[in-house]
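# Working through the structure, step by step
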Amino acid sequence: MSQPLTRVYTFYRNGFRDMTVGRSLWKIILIKLFVMFAVLKLFFFPNYLKTNFQTDEQRADHVLEQLSRPAVHNH
Amino acid sequence: MVDVDLSLVNWSRAQFALTAMYHWIFVPLTLGLSFLCAMFESIYVRTGDEKWKAITRFWMTLFGINFAIGVATGIILEFQFGTNWSNYSWMVGDIFGAPLAIEGIFAFFLEATFFAVMFFGWNRVSKGFHLFSTWMVAVGSNLSALWILVANAWMQNPVGMAFNPETARFEMENFWAVLFSPVAMSKFTHTTSSGFLLGSLFVVTVSCWYLLKGRHVEMAKKSIVVASVFGLLASAYVGFTGDEAAFEVAQKQPMKLAAFEGLYKGEQGAGLVAAGIINGAKKPGDSQGPFLFEVKVPGLLSLLANRAPGSFVPGIDDLVYGNSEQKVMGVAAKMKLGQLAVADLAAFKQARQEKNDGAASEALARFSANKEFLGYGYLDTPEEAVPPVSTAFYSFHIMVILGSLFPVIFLALLFFTLKGKISETRWLLPLGLLSFFLGLVAQQMGWVVAEVGRQPWAIQGLMPVKMATTNLAVGHVQATFFMFLGLFTLLLIAEIKIMLKQISIGPEGL
């Protein structure tokens, strides 16, 4: 590893090692990201158009279909 | 006909609002505290006084806690776009894609470099480079807010784009028109400066707590001076940009202005309601008075809306039913043109399916003539174009009243601190302690005005919210609403707990 890269690596390594409050915060960040991407996004928030239609043309057709008919309320 | 389940629309709306409101607890504090940290550190570097270093590190730790808890909470809004608002998401993908991608890339590089130096770099890099990194975090955090605010401003004032019926998308025609639209600029400056205000209130609140407890008194006083000066400057800027924002609302979203002022009948030389109680039974077009009680400043609304005290400001009735004398086109007339646009869009789709190029081209030409009224074609009644007046009115007035109170608090704190009497001014300290929470209320009210006030539109005049939703099972949206409620409440509890622990420890070496 060249000298500047080693210095950058050491800077980050020591920074992470010396963290105090930061340790708890990183745990929270990682848990949060896991819940968001591995649970919520995966199981509860699929991209509706990407999941239900194969091509952009089909997606455009679907949206155009929705837009080209006036809405009625279903109370 | 498209069946639109209103309970689905409302639950989707509630879910988005919940997420955005929680997200907006963390963001403005980040925007404001980042600049305050940079200011504290600048004083340290200039004076070389280690006490200022301790003060800087203390506020930087609280900034870091808030940042860490809040980071990425906005991504959930993007999840919701794809799932709950798929029609809308598809249509605006071309407009929002670029700004949001820039935000993501910008934030990543900013955090990976300058954040690391800011938190890991004490005693490892030079004082000058550390200070530069702290300022870069402040500037970068605020600039990263620019892109999402540009996207929001575009929804309130769709410029620099054209709707392409072939792809059912709005396509970018002029990036600079989107970025530098007056609505985007006033929204960005007003929103970020309100963050500066909230950051200052946070410092004031924590410092007042220390003074009440008689702990870290010197740090608290020094912090109050810096935060009060910054808060006063921010208050003036919030007022100035708020006036600009209201002017833009008057020009581009007159219904929103009429709603948050409770103005039903348009007036020449319209007065600004300083305070009032809305008549909840009042409906557009009826003869009831809009207020049970009101205090008005004559001519001020006309001045604010048109920069001319005697000018005409249209009211809700003028905007819904039209006012030919004042050349105000009513919603009913716009609905007819909008219905033609919807019908021509359908004819275009049909002709395209039949591969009848001539008919498609004719339908497209007819559609183009009325396309600016497209959204009105989906409304059932003209009155549907009126946002919830009470919510818009009260949220606007609470925001303005609180916004007027903050400079008074900053001025009083600054005066008594510089006089050396702040610790004895016991009546002021509880007010200072409360001020951050009032600031949070003002922040939330600001977004309620902006978003409830523009209902029923997802994209002003072009797409009502009900047409933006995905046809999901309402139970799915309800379930995820409560999941978010749980997740965000947990995050908020974590933030409060860690923050309180750190405040209780206080700055090292002071």
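Remember, it's a predicted structure, so these values are computed and weren't measured experimentally.

Rules used in this analysis
- Residues numbered from 1 in each chain as written.
- Chains lettered and ligands numbered in written order.
- Predicted model: local features only at pLDDT ≥ 70, side-chain atom pairs only at ≥ 80, totals over all residues.
- Heavy atoms only, no water.
- 1 Å grid on protein atoms, 1.4 Å probe; cavity = no way out; pocket = protein on both sides within 12 Å on 5 of 7 lines; lining within 4 Å.
- Points joined across faces, edges and corners; volume = space filled by probe spheres on them.
- pLDDT = per-residue confidence, 0-100.
- Helix = DSSP H or I, 4+ residues; strand = E, 2+ residues; numbered from the N terminus.
- Contact = heavy atoms within 4.5 Å.
- Buried area = accessible area lost by both parts, 1.4 Å probe.
- Salt bridge = Lys/Arg side-chain N within 4 Å of Asp/Glu carboxyl O.
- Polar contact = N/O pair within 3.5 Å; in protein donor to acceptor, adjacent residues only side chain to side chain.
- Nonpolar A, V, L, I, M, F, W, Y, C, P; charged D, E, K, R; others polar.

On to empty space enclosed by the protein. Residue and element names in this part refer to chain B. Applying the stated criterion across every chain, the model contains one cavity of 30 Å³ or more. The calculated volume of the largest cavity comes to roughly 30 Å³. Along its surface, the largest cavity is lined by Gln253, Met255, Lys256, Ala385, Gly453, Arg454, Gln455, Pro456, Trp457 and Gln460.

Right, let's get into the confidence of the model for chain B. Summing up the model confidence of chain B, the mean pLDDT is 91 and the portion of residues at 70 or higher is 98%. Taking the mean pLDDT of every element in chain B, the minimum, 53, falls on strand S1 (residues 2–5) of chain B and the maximum, 97, on helix H14 (residues 389–418) of chain B.

With that settled, consider the interface of chain A and chain B. The interface is formed by 42 residues belonging to chain A together with 63 residues belonging to chain B. Buried surface at the junction of chain A and chain B, summed over both partners, amounts to about 4600 Å²; 73% is from carbon and sulfur atoms. Sorting the residues of chain A by area buried against chain B places A:Phe11, A:Phe45 and A:Leu67 first, and these three jointly supply 16% of that buried surface. Taken together, the connections running from chain A to chain B amount to three salt bridges. Inspection of the region where chain A meets chain B yields 10 residue pairs in polar contact (both at pLDDT 80 or more). When residues of the side of chain A that touches chain B are traced back to their parent elements, those giving at least two are helix H1 (3–17), helix H2 (21–44), helix H3 (48–52), helix H4 (56–67) and strand S1 (71–74) of chain A. Broken down by element, the residue count for the side of chain A that touches chain B peaks at 12 residues, all from H2(A). Looking at the side of chain A that touches chain B, its residues break down into 25 nonpolar, nine polar and eight charged.

Residue and element names in this part refer to chain B. The topology assignment puts lysine 51 in helix H2 (residues 50–70). For the pair lysine 51 and lysine 222, spaced 171 residues apart in the sequence, the C-alpha separation amounts to 9.8 Å. A distance of 3.3 Å separates the side chain of lysine 51 from the side chain of glutamate 218, its partner in a polar contact.

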